[in-house]
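So you can see what is in the structure, the chains are spelled out below.
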Amino acid sequence: MKSTFAYLASVLIIGLLSALPYVYKRGFAAGAESAQAALPHEEKPLARPFAPDSFADLSIPHPERNTSASQPTPTPDRSPESLAIDRKIAQFAPSTPIDQALLLWTEIEALPDGPAKREQRETFLKAFGEYHGEAGFIALLSDEGPNALRSLGPLAAGWAKNEPDAAWAALLAASNKGAIRGIDLRSVIAEVSQTDLGSALDMINDLQGSRRDREFRSLANSQQSTEAFQAMLEMSLQIPDDTFRERSMASLFDAWSDFDFNSSLDAINTLPDPSLAKSSMHGLLRSWAQRDGAEAFAYALENQGDPNVEGSLTSVARSWLRSSSAFEVDEVFDALAYAPERDKTLFDLTADLIAADPETTMAMVQEMEDSSLRQRTFSKAIHYWSRNDLDGAETFAFSQGDPTAQASMISTLSRSRMQEGGSLDPYAQAIGALEEQKDRRRALIGLKRNLDSLGTQASQEQAAAVDHILSQYAADMEGVTFMPDGRVRIRNPRTERIKVKTP
């Protein structure tokens, strides 16, 4: 930590005091000037107006009142030291020197962890940033404590009340444009969005990848009026990145529909871009499914002819499944029977269906008409089942009546069994019970491939067990060659034709 902060501090100090305004588009110009200028605050202590709403219940005596007659009484969750910190925070003012502020920060960090300490940290850091801005940010960069990275975000949020561009530029530089996950960016975005939603969206657009998506989703979820959602929609339509704009629309309408379904639906119908309208509708339906899966699925099913709704059934069903308990999933399975492309939907939802009810899932897979898709779904389903319950998956596989499906499942499950340990004897018996050579060979090839893929993870006992099984059924493996690149060459001894299977 020490070397990291020393490096960041040196970089920021040099940049803030000289040329960084030319390096970053919004720069540190405002921040650099603030280091030379007089503090633009009145000389008054930190009282309730400076604390965020979430700290409205923080018990801080007003410094101008005579509190000697009724001092706060220590409680099990508030020690005398914690109450003393409250008083010091209440007296913290713009004129408090930075060195004294850092001493108070050290005292706060020394307190035991708990809700009270978290409130004190947030209150102090935002005030520190508001009063000392750039200088406070640089000072905190030199902190060697375990919470130093997390502290930069709240401090920058306080700084952003006066100089949002400079605060954001500093935080963006310290976090390598958001790549350093331990640095909180959300506090600054939330602070700026209270007065300038457009600037908050510009900040999010400075980020990349999943961090950008998460911060946008958080901002959308924080909106509390139809007017705010409408404003966010109009600004989001101007996002230059097509992919980010489409994902943002889905997140926006996900949050909007949760707040006011009817107005969000009306807004989708006004979107000029068909692809945006479709992704937005899908986001709305996913959110609806979390609240009322049956209604959302019925709407999606009945409106498959609507270009905006088309193709949404799978994602709607997935949201419904993930928000249902084990006692409620029967309704989802019943509804899936009416899906226009039921078999493909089952394949796409395999992992979620297995987690909800493996036996019912397997029964539905057994009814698939397309044999190729059925075998692929069996293999996929048994894989996910084995991750949750290997014993249950094996019991099902060994009792399976469809020999082709059984061979596929044995091939898949043997790897999980080797990873978890245990005897491979049941696999040898199950392979021997398969009547067709092609099915036995398929299971044996899977067994050998799984052993090879585990490499050094496989024990010598497991390797010996696999060799023993292969020797038992050597006649079935005649003409089979395992190639160095993982492919398997199968030569038919009667026709001399060669088939090569990739891993």
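Residues numbered from 1 in each chain as written. Predicted model: local features only at pLDDT ≥ 70, side-chain atom pairs only at ≥ 80, totals over all residues. Heavy atoms only, no water.

Counting secondary structure elements, the protein chain contains 27 helices and three strands. Counting every position in the protein chain, which comprises 503 residues, the buried fraction comes to 48%. Considering only intrachain contacts with a sequence separation of at least 6, the fraction spanning at least 24 residues in the protein chain is 61%. (Helix = DSSP H or I, 4+ residues; strand = E, 2+ residues; numbered from the N terminus. Buried < 20%, exposed > 50% of the residue type's maximum accessible area, 1.4 Å probe, protein only. Contact = heavy atoms within 4.5 Å.)

With that settled, consider helix α26 (residues 437-454). In this model, α26 (18 residues) spans 26 Å end to end at C-alpha, consistent with the 26 Å of a helix rising 1.5 Å per residue. Residues D439, R440, R441, A443, L444, I445, G446, L447, K448, N450, L451 and L454 constitute the buried set of α26. Buried residues in α26 make contact with α24 (403-420), α25 (425-433), α27 (460-472), β1 (480-482) and β2 (488-491). Directly beyond the C-terminal end of α26, a positive phi value near 60° is found at G455. (Expected span 1.5 Å × (residues − 1).)

Moving on, we come to the packing of aromatic side chains. Scanning the model with the defined rule gives 15 aromatic pairs in all. Ring geometry for F229 against W256: centres 5.6 Å apart, planes inclined by 10°, an arrangement best described as stacked. Note that F229 is positioned in helix α12 (residues 226-236) and W256 in helix α13 (residues 242-259), a separation of 27 residues in sequence. When sorted by exposure, F229 lands in the same class as W256, which is buried. Three or more aromatic residues link up through ring pairs in this structure, and these residues are F92, W105, F124, F128 and Y131. Seen from the ring of F347, R376 lies directly overhead, with NZ or CZ sitting 4.8 Å from the centre. Sitting over the ring of F347, K380 keeps its end group 4.2 Å from the ring centre. (Phe/Tyr/Trp six-rings, centres within 6.5 Å; stacked < 30°, edge-to-face > 60°. Lys NZ or Arg CZ within 6 Å of the ring centre and 35° of its normal.)

With that settled, consider a negative patch on the surface. On the surface, a cluster of negative charge is made up of D292, E295, E302, E328, D330, E331 and D334. Among the elements of the structure, α16 (293-302) and α18 (329-336) are those that each provide at least two residues to the negative patch. Broken down by element, the negative patch gets its largest block of residues, three residues, from α18. Its location among the elements puts E302 in helix α16. (Patch = residues over 30% accessible without salt bridge, like charges linked within 9 Å, V, L, I, M, F, W, Y side chains within 5 Å. Areas by Shrake-Rupley, 256 points an atom, 1.4 Å probe, with all protein chains shown as cover. Salt bridge = Lys/Arg side-chain N within 4 Å of Asp/Glu carboxyl O. Lys, Arg positive; Asp, Glu negative; His and termini not counted. Charge placed at Lys NZ, Arg CZ, Asp CG, Glu CD.)

Burial of the side chains of β2 is restricted to one face: V488 and I490 are buried, whereas none of R489 and R491 on the reverse face is. Here β1 runs beside β2; their pairing, made up of three bridges, is antiparallel. Looking at the pairing, V480 lines up with I490 of β2. Counted along the chain from β1 to the antiparallel partner β2, the turn is five residues long, and its residue G486 has a positive phi close to 95°. (Pairing = 2+ DSSP bridges.)

In this section: the side chain of Q223. Here Q223 is to be found in the loop between α11 (209-221) and α12. Q223 sits in the buried class, given a relative accessible area of 11%. Among the polar contacts listed, one links the side chain of Q223 to the backbone oxygen of L219, at a separation of 2.9 Å. Beyond its immediate chain neighbours, meaning those up to four positions away, Q223 contacts L197, A228, F229 and M232. (Polar contact = N/O pair within 3.5 Å; in protein donor to acceptor, adjacent residues only side chain to side chain.)

A separate point is the pattern of salt bridges. Working definition: two side chains of opposite charge can pair if their charged atoms are close together. Counting across every chain of the model gives 20 salt bridges. In this structure, the salt-bridge partner of D213 is R247, at a minimum N-O distance of 2.9 Å. In this pair, D213 sits in helix α11 while R247 sits in helix α13, placing the two residues 34 residues apart along the sequence. In this structure, the salt-bridge partner of R417 is E394, at a minimum N-O distance of 2.9 Å. With R417 in helix α24 and E394 in helix α23 (residues 390-398), this pair connects stretches of sequence that are 23 residues apart. The network of salt bridges with shared partners includes R186, R211 and E215.

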